[in-house]
Amino acid sequence: MVSRDSEGTHNRIFAVVRRIPRGRVLTYGDVAALAGMPEHARLVGYALHALPEHSSVPWHRVINHKGGISTGRAWPGGELVQRALLEAEGLEFDANGRTSLKRYRWAPDRDDAPGPHSG
């Protein structure tokens, strides 16, 4: 059974992840900081790992600090699914399996601001 505190923490994490726009990513550390839990990147990983396979939370938009996909999804081949989902959103990966954080990292302060690119 999940404690209320854990449930609340997971919900804060999921709320941040749900805000990541299509074609953008955050690192585990970024999500932790935005959820008000800096230095708790592993907790973000645990929360996302606990999601059911067909969750509506866009878990695939959270990657590691090197721009790579972390292994260890709850089902075999989950990392391949994650990469395919990100590629379908327009992200590109290099030969080492990394994507450009400089290019694809979501910046809430910049990307949430109204401007000519918003819709």
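All values reported here derive from a predicted model rather than from experimental measurement. (Residues numbered from 1 in each chain as written. Predicted model: local features only at pLDDT ≥ 70, side-chain atom pairs only at ≥ 80, totals over all residues. Heavy atoms only, no water.)

1. With respect to the confidence of the model for the protein
1) Next: When pLDDT is averaged along the protein, the result is 86; 83% of the residues meet or exceed 70.
2) Next: Mean pLDDT in the protein bottoms out at helix α6 (residues 108–111), which sits at 74, and peaks at strand β1 (residues 26–27), which reaches 98.
3) Next: Low pLDDT, under 50, characterises residues 113–119; the predicted model gives this stretch three contacts beyond four residues in sequence or across chains. (pLDDT = per-residue confidence, 0-100. Helix = DSSP H or I, 4+ residues; strand = E, 2+ residues; numbered from the N terminus. Contact = heavy atoms within 4.5 Å.)

2. Observations regarding helix α4 (residues 78–88)
1) Next: Within α4, burial applies to G78, Q82 and L86. For α4, the buried positions fall inside an angular range of 75° around the axis, keeping them on one side. Turned more than 90 degrees off the buried face of α4, the exposed positions are L80 and A88.
2) Next: After α4 finishes, the residue G90 shows a positive phi value of roughly 105°. (Buried < 20%, exposed > 50% of the residue type's maximum accessible area, 1.4 Å probe, protein only. Arc of directions from axis to C-beta.)

3. Thoughts on the pattern of salt bridges
Where charged atoms of side chains with opposite charge meet at close range, the side chains can pair.
1) Next: Applying the stated criterion across every chain yields a total of five salt bridges.
2) Next: The partner of R105 in a salt bridge is D30, with the nearest N and O atoms 2.9 Å apart. Of the two residues, R105 sits in the loop between α5 (101–104) and α6 while D30 sits in helix α2 (residues 28–34), which places them 75 residues apart along the sequence.
3) Next: On the basis of relative accessible area, R105 is assigned to the partly exposed category, the value being 33%.
4) Next: In this structure, E92 and R103 form a salt bridge, with 3.4 Å as the shortest nitrogen-oxygen distance. Highlighted residues: E92 in the loop between α4 and α5 and R103 in helix α5, separated in sequence by eleven residues.
5) Next: What emerges from the salt-bridge pattern is a single network uniting R22, R61 and E89. (Salt bridge = Lys/Arg side-chain N within 4 Å of Asp/Glu carboxyl O.)

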